[in-house]
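The chain contents come next:
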Amino acid sequence: MDTSMPSQALLISVAVDAPLMTPFTYGVPDKLRTSVTPGIRVLVPLGKRTVTGYVLRITASPPDGIRIVDILDVLDTSPLVPPEHLPFYQRMAAYYHHPLGETLATALPSGLNLSDRSMVVLTDKGQHAGPEHPFNCFLDKLARKPIPLQKLQGMEKKQVTQLLEEGLVAIERIFSPKKASPRTRKTYAVTDGMQPPLSTSPARLSLWEWLKENGPADTGRIQQVMPSPTASLRWLREKGLIAEGEVRIFRDPLGDTVEQDSPPRLNDEQKSAVQTILDHMNRGFHRFLLHGVTGSGKTEVYLHLVEACLERGKTAIVLVPEIALISQIAGRFRARFGEKVAVLHSGLSKGERLDQWEKILSGELPLVIGARSAIFAPVLKPGIIIVDEEHDPSYKQDTGLRYNGRDMSILRAQLENCTVVLGSATPSVQSFENARNGRFSLLKLTRRVNQRPLPEVSLVDLREMKQASGVERYISRPLYGAMKTALEKGEQVLLFLNRRGYAGFPVCGACGEIVRCRHCDISLTLHRKANAFLCHFCGFSMASGPLCPSCRAPEVRVLGMGTEKVEAAAHYLFPDARILRMDQDTTGKKGQLIRMLRQIRNREVDILVGTQMVAKGHDFPGITVVGILNADLGLSFPDFRAGERNFQTLAQVAGRAGRGELSGRVILQTYNPDHYSIRTACSQDSEAFFKEEITTRRMLGYPPFSRMIQIRISGEKEERVQETARMAAEAAKSASSGKVRILGPAEAPIARMAGQFRHQILLMGTDIACLNESAMAAVDIRVSGVRLLMDVDPYSML
DNA sequence: AGCACGCCGACT
DNA sequence: GTCGGCGTGCTC
């Protein structure tokens, strides 16, 4: 490496994959000149390290006072990020106050970036150190694999210093192994102008002749005509009669094939929605909110829009909140558009993701369906971006770069100058407000397809059920009756409860203490199968028993209920019914959820018991009765959006009823029959809910009448965290120009999580510049052992 | 992030 | 008196 003589002319601006808020300038040596282009990844020196960076542009002026070094290599043959998408990532990085390099690393298929680390390795001499060496144990460990220098602690660190002197170990910079790479397969073809000697074996000869006929072929194809061709192939190759080549093969994440279908007739509402959107499609950036009641055929509208878009030679992106929904929706799109559909979501292996990415990049797949990260799909010139179930909280990423896929869709559509459609049966308050103030055009689908009526909802006031005993306390008489009728007719029943596990929370009857997680400040949940109390946040578990961890009295009892208990109750009431429980505990493994969804659709299940995840847009035609066991659970979250989320969940669950030929019934059990989120959920009246909710939001100045940035402060030492939070709030205040409301610092609703104390500050304001200024000042506070992070537009206050 | 530099406590 | 702890700052 020649760093002493920076190259002459070509300078590039590079976003390095490191937490750096500004791009760095590097030189390009002559031999790499021709391969460097914006969007391509390069290997660059950064301090003592070597890391991956993304070329942003050719730059003329180097920053002064800095010694420019050369890039070491170019990692791709063509850009993985289309250069025209770089402005989008720049805007996104700025919006979320996130380093551009890391933003790009989040967007691209993971496992591609290279970086090196100092590792302790065994030298030749070290390999031959006898077992009598005092540090034999450590040497053995090293013989298995090198250890990162940073990971060493105490004892081992001392040993390394000594071993270095003895020359038994060395420190080397080693690249972490790549986790994803293109898959290739060897192919064989006859060499032009060569003839095999006639004297050779018939097997070799016939293989050569077959290859001559059938062109380049991979081993898979060759094996179909010749069972074990390896030896013959080697012989032919050694004689120069055939040549070996390589083809890229693509892993296909879309397992089974689907039958082609043809578009059904749209009803008038659907037709007019499609027409309105299409009229705008060639006229640049335009935002639509498609508000269609559950079962109104929004997907069919999307299909028509995409069809028109593809016909015009443009590409399209469809965002769906959950992986389980992707398989369902992708199926419908594939049935219509065949092989043009790409899928992108976290359920793919790294290799599959990379392959999909490159096929999209090449223009082979013009239609992308995926979870929030699919908004980064490298399609060129999208004509439309569709966000289905736009209200869904899972569009917000809650680790690392905390972006919102829906919001980024709008940003991308704006930069791509195209149409964006947000669709939902229960639009977010934010989107409704945008429709009201004219930023979005509102389109409505008010009727279910095929004249199916909306399900009839009856309320059961749980306060009147206090004297009921046994199962009747959570499956009320009216619900039981409805279930019985449905089951007798061979129809399916859905029981919804917002909490998994066996029951609510364990409480000590003697001291009244709730059994809480040792690491997080939340109550534990009894899981019957595991005989354990489990923490739903950090996964901590302890044996379940009556002994109170606080006062040692054997009086711990479990109050409330969870899906497991409901499952047991349903089994007790209907011993012959086939019951399926669907929650995070039963759908953990890959593919399990999809298998369950198939079981339900195939009528292999009579009663489905589930949490949130059953509420999400699934189409279960056999379900006629939906029981919502406790409609109030969602209201207890310490979050200004609790009401909104509660309404959406309830309305969505209710919407699962009566989607097939038969009409549906919903029985909603609640302690708060008068709460507006429950009242409006009963009539599935999103606009009525919005009207009530927006008044409160306006009064309190909450979003959408302001924006929020949350600062989270966490660390192991409580006083330090508390003190840092105070300082950060102070800094936020003095940088706010008096235009930002500062709430807190306060303990987070879960004050302790995974051994970390947590405090938070909420910044709220309408002056976005000041809000950003204030937040930046807050996270600028640096205290060792304490982490500060910024969550722009937070979704969960936990 | 990861690595180096630099300033204070418990040891040969 | 050093060794090594971690707190602080920089990386084109």
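Nothing here was measured: the structure is a model prediction, and the numbers come from that model.

### Regarding the overall build of chain A
Across its full length, chain A carries 22 helices and 33 strands. Taking 28 Å as the expected radius of gyration for a compact globule of 798 residues, we find that chain A reaches 31 Å, a close match to that expectation. Dimensions along the principal axes, computed over C-alpha positions, put chain A at roughly 90 × 65 × 60 Å. Counting only residues that meet the buried cut, chain A has 53% of its 798 residues in that class. The long-range share in chain A, meaning contacts at least 24 apart out of those at least 6 apart in sequence, stands at 75%. A total of about 37,200 Å² of accessible surface is found on chain A, and carbon and sulfur atoms cover 50% of it.

### Notes on the UniProt feature "binding site: Zn(2+) 2" (unreviewed entry) in chain A
With numbering matched to this structure, UniProt assigns "binding site: Zn(2+) 2" (unreviewed entry) to Cys-517, Cys-520, Cys-535 and Cys-538. Examined against the element boundaries, Cys-538 turns out to sit in the loop between strand S23 (532-534) and strand S24 (541-543).

### Focus: the packing of aromatic side chains
Inspection of the entire model under this criterion finds eleven aromatic pairs. Taking 5.8 Å as the distance between ring centres and 35° as the angle between the ring planes, the aromatic pair formed by Tyr-89 and Phe-376 counts as tilted. Within this pair, whereas Tyr-89 is found in helix H1 (residues 86-95), its partner Phe-376 is found in the loop between strand S15 (367-370) and strand S16 (382-388), the two being separated by 287 residues in sequence. Under the relative-accessibility criterion, Phe-376 is labelled buried at 1%. Look at Tyr-676 and Phe-689: their rings are 5.5 Å apart centre to centre, the planes differ by 15°, and that puts the pair in the stacked class. Taken together, the positions of Tyr-676 in helix H19 (residues 676-682) and Phe-689 in helix H20 (residues 686-700) put the pair 13 residues apart, joining distant regions of the chain. Given a relative accessible area of 19%, Tyr-676 falls into the buried group. Judged by its relative accessible area of 3%, Phe-689 falls in the buried class. Taken together, the aromatic side chains of Phe-88, Tyr-89, Phe-376 and Tyr-403 make up a single cluster linked through ring pairs. The ring centre of Tyr-795 lies 4.4 Å from the NZ or CZ of Arg-641, which sits over that ring.

### Considerations on a nonpolar patch on the surface
A grouping of Leu-149, Leu-164 and Ile-171 is seen on the molecular surface, where their side chains present a nonpolar patch of about 210 Å² in accessible area. Note on placement: Ile-171 falls in strand S8 (residues 169-175). Residue classification places Ile-171 among the partly exposed residues on the basis of a relative accessible area of 40%.

### Some points on the protein's contact with DNA strand B
Close to DNA strand B lie Pro-19, Lys-48, Arg-49, Arg-117, Ser-118, Gln-150 and Arg-173, which account for all nearby residues. When atoms of DNA strand B within 4 Å of the protein are sorted by moiety, sugar and phosphate together comprise 67%. Arg-49 is positioned such that a nitrogen or oxygen atom in its side chain is 3.1 Å from a base nitrogen of DNA strand B. Ser-118 has a polar backbone atom sitting 3.4 Å from a phosphate oxygen of DNA strand B. Grouping the amino acids of the surface near DNA strand B by side-chain chemistry returns one nonpolar, two polar and four charged.

### Some points on the protein's contact with DNA strand C
Of all residues adjacent to DNA strand C, which total 15 residues, the nearest are Thr-25, Pro-45, Gly-47, Val-69 and Ser-784. Taken together, the sugar and phosphate atoms account for 57% of what DNA strand C places within 4 Å of the protein. Between a base oxygen of DNA strand C and a main-chain N or O atom of Thr-25, the distance comes to 2.6 Å. Between DNA strand C and the protein, one listed contact pairs a sugar or linking oxygen with a backbone N or O atom of Val-69 at 3.0 Å. If you list the elements that add at least two residues to the surface near DNA strand C, you get strand S2 (24-27), strand S3 (41-46) and helix H5 (154-166).

### Quick look at the nonpolar core
Burial of nonpolar side chains together is a common tendency in soluble globular proteins. Counting 104 residues, the largest nonpolar core has Phe-376, Met-582, Ile-628 and Ile-711 as its most contacted members. With six residues, the top contributor of residues to this core is helix H21 (residues 718-734). The residues touching Ile-628, leaving out its near neighbours within four places in the chain, are Phe-496, Leu-650, Val-653, Val-666, Ile-667, Leu-668 and Gln-669. Counting 36 residues, the second-largest nonpolar core is a separate cluster that includes Leu-325, Val-341, Leu-348 and Ala-371.

### What to know about the sheet that holds strand S1 (residues 11-16)
Ordered in space as S2-S1-S4-S3-S5, the five strands form an open sheet in which the pairing is antiparallel. Each end of this open sheet is capped by a strand with a single partner; those strands are S2 and strand S5 (73-74). Judged from the two bridges that link them, S3 and S5 form a sheet pairing that is antiparallel. Residue pairing across strands places Val-42 opposite Val-74, the latter belonging to S5. On top of the sheet, helix H2 (residues 100-107) reaches S1 and strand S4 (49-59); it is set at about 65° to S1, its chief contact.

Cut-offs applied
Residues numbered from 1 in each chain as written. Chains lettered and ligands numbered in written order. Predicted model: local features only at pLDDT ≥ 70, side-chain atom pairs only at ≥ 80, totals over all residues. Heavy atoms only, no water. Helix = DSSP H or I, 4+ residues; strand = E, 2+ residues; numbered from the N terminus. Rg over C-alpha atoms; globule rule 2.2 N^0.38 Å. Buried < 20%, exposed > 50% of the residue type's maximum accessible area, 1.4 Å probe, protein only. Contact = heavy atoms within 4.5 Å. Areas by Shrake-Rupley, 256 points an atom, 1.4 Å probe, with all protein chains shown as cover. UniProt positions renumbered as here; feature names shortened; annotations may be inferred. Phe/Tyr/Trp six-rings, centres within 6.5 Å; stacked < 30°, edge-to-face > 60°. Lys NZ or Arg CZ within 6 Å of the ring centre and 35° of its normal. Patch = residues over 30% accessible without salt bridge, like charges linked within 9 Å, V, L, I, M, F, W, Y side chains within 5 Å. Salt bridge = Lys/Arg side-chain N within 4 Å of Asp/Glu carboxyl O. Near = heavy atom within 4 Å. Polar contact = N/O pair within 3.5 Å; in protein donor to acceptor, adjacent residues only side chain to side chain. Nonpolar A, V, L, I, M, F, W, Y, C, P; charged D, E, K, R; others polar. Core = buried A, V, L, I, M, F, W, Y, C linked by side-chain atoms within 4.5 Å. Pairing = 2+ DSSP bridges. Axes fitted to C-alpha atoms, helices over the stretch in contact; angles between N-to-C directions.

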